[in-house]
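The chain contents come next:
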Amino acid sequence: YHRIKMHTAMALKSMLNEKHIDIVLACETIPCVVEIEVLTQLMNEHKYHGWITMSCCNSYQLNSKEYVQHAIDRIIEHDTHGYVVGIGFNCTHPKYIESLLMFTRRYLHARNCKKYALIVYPNSGELFDAVTK
């Protein structure tokens, strides 16, 4: 699925680059580590700059119940050519955002990774329910 979307984005990028327009891919609302890993690999494979924002159910877990720390580890591991420019959160309850950003900043610093911008944008305040979705 993500490979097909990446090819579509690449075609658009090709057209816009001819007009000297820079493109940054926004991979948003990613709920699990395996998707984060795949998207990071695809960005590096296709030389496409972008950011990854995760969707979280609390201050330390993705909606999949996997740990944010593991997701960040996968980005660092698979961002072999530096095409991921930002890491962050969206579609996450606002009460968790500050602690997620603080953890991410501290964790990246501890891993000696200072190249990633922190990205955050709000949801509408709705709650995600995996049972009814």
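These notes cover the structure that comes with them. Computed from a predicted structure; not experimentally measured.

**Some thoughts on the sheet that holds strand 2 (residues 50–54)**
As a general point, the strands of a sheet are linked pairwise by backbone hydrogen bonds and lie either parallel or antiparallel. Strand order in the open sheet made by the 4 strands is 1-2-3-4, with parallel pairing throughout. What marks the edges here is a single partner per strand, and that holds for strand 1 (25–30) and strand 4 (117–120). Sheet twist, expressed as the average angle between the axes of neighbouring strands with direction ignored, equals 25 degrees. Examined bridge by bridge, strand 2 and strand 3 (residues 84–89) share 5 bridges and lie parallel to one another. Pairing of G50 across the sheet is with V84, part of strand 3. Where helix 2 (residues 33–46) meets the sheet, its contacts fall on strand 1, strand 2 and strand 3, and the angle it forms with strand 2 comes to roughly 175 degrees. Of the strands in this sheet, strand 2 and strand 3 are in contact with helix 3 (residues 68–78), which crosses strand 3 at around 170 degrees.

**Notes on the pairing of strand 3**
Each regular strand carries side chains that alternate between the two faces of the sheet. When you tally the buried positions in strand 3, you get 5 out of 6 residues, the bulk of the element. Handedness of the crossover is the feature at issue here: the chain leaves strand 2, passes through helix 3, returns alongside strand 3, and the resulting connection is right-handed. Remark: the strand 3/helix 4 (residues 94–110)/strand 4 crossover connection has right-handed handedness.

Criteria and cut-off values
- Residues numbered from 1 in each chain as written.
- Predicted model: local features only at pLDDT ≥ 70, side-chain atom pairs only at ≥ 80, totals over all residues.
- Heavy atoms only, no water.
- Pairing = 2+ DSSP bridges.
- Helix = DSSP H or I, 4+ residues; strand = E, 2+ residues; numbered from the N terminus.
- Axes fitted to C-alpha atoms, helices over the stretch in contact; angles between N-to-C directions.
- Contact = heavy atoms within 4.5 Å.
- Buried < 20%, exposed > 50% of the residue type's maximum accessible area, 1.4 Å probe, protein only.
- Right-handed = clockwise from strand over helix to strand, strands pointing away.

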